Amino acid sequence: LCAWRLDFGACWLERELEGPVVALSPSPDGLKLLAGTRRGAVGLLDFASGQLAPLLRAHTDFICAVASDPHNRELATASCDGTVRVWELDGAAPQLVEFEVPAGCARSVAYHPADYSLACGFDDGTVRVFDIGSTSLLAEHRQHRGRVLALAHAHGARRLFSA
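Residues numbered from 1 in each chain as written. Predicted model: local features only at pLDDT ≥ 70, side-chain atom pairs only at ≥ 80, totals over all residues. Heavy atoms only, no water.

1. Observations concerning the packing of aromatic side chains
Throughout the structure, instances matching the rule amount to 3 aromatic pairs. Judged by centre distance (6.0 Å) and plane angle (45°), the ring pair of Trp4 and Phe8 falls under tilted. For Trp4, a relative accessible area of 43% gives the class partly exposed. Ring geometry for Trp12 versus Phe47: centroids 5.7 Å apart, planes at 35°, classification tilted. (Phe/Tyr/Trp six-rings, centres within 6.5 Å; stacked < 30°, edge-to-face > 60°. Buried < 20%, exposed > 50% of the residue type's maximum accessible area, 1.4 Å probe, protein only.)

Structure, rendered in structure tokens:
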């Protein structure tokens, strides 16, 4: 894992995790970076201290995506083990919620900027939106012919983009 200066002249901060890093998500305040690995682990890089803390072994298969919630309290992980999981980000990292999707690989994940919900993209082209508090499915959209590899909410949370 390497943090680059914007001129790409040199790597500013470099750290190793357990296995190759395959997913990254900066915290909303920009002071930390979540990293998911091919071995199913999640680490948290603190830019102020330069320390990389292994948070947890999150999944039995590789992590495809990680996301920080807008309030810096939780993180979400998406994996090909058939689950999307939500974790506390206070260091103890107990699992809060698990959404099982046995028929597919979860490739992307994004917190809603205002509501307590999570959008997830899957290999079958489906985007599902879950309410985290009630663990219920709010919506399911089948617009894509292939994998949904990226999700993003527009500023103001009026739109969700998927690709």
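2. Here we look at the environment of Phe122
With respect to the helices and strands, Phe122 occurs in strand E12 (residues 117-122). Along the sequence, Phe122 and Glu140 sit 18 residues apart, while their C-alpha atoms lie 11 Å from each other. Not counting residues up to four positions away in its chain, the partners in contact with Phe122 are Val84, Val101, Cys105, Ala106, Arg107, Arg128, Gly146, Arg147 and Val148. (Helix = DSSP H or I, 4+ residues; strand = E, 2+ residues; numbered from the N terminus. Contact = heavy atoms within 4.5 Å.)

3. Thoughts on the sheet that holds strand E11 (residues 106-111)
The strand order across the open sheet formed by 4 strands is E11-E12-E13-E14, and the pairing between neighbours is antiparallel. The sheet is open, and its two edges are formed by E11 and strand E14 (136-142), each paired on a single side. Pairs of neighbouring strands in the sheet enclose a mean axial angle of 20°, with direction left out of account. Bridge analysis of E12 against strand E13 (residues 126-131) gives 5 bridges, and the strand direction is antiparallel. Opposite Ser117, over in E13, you have Asp131 as the bridge partner. (Pairing = 2+ DSSP bridges. Axes fitted to C-alpha atoms, helices over the stretch in contact; angles between N-to-C directions.)

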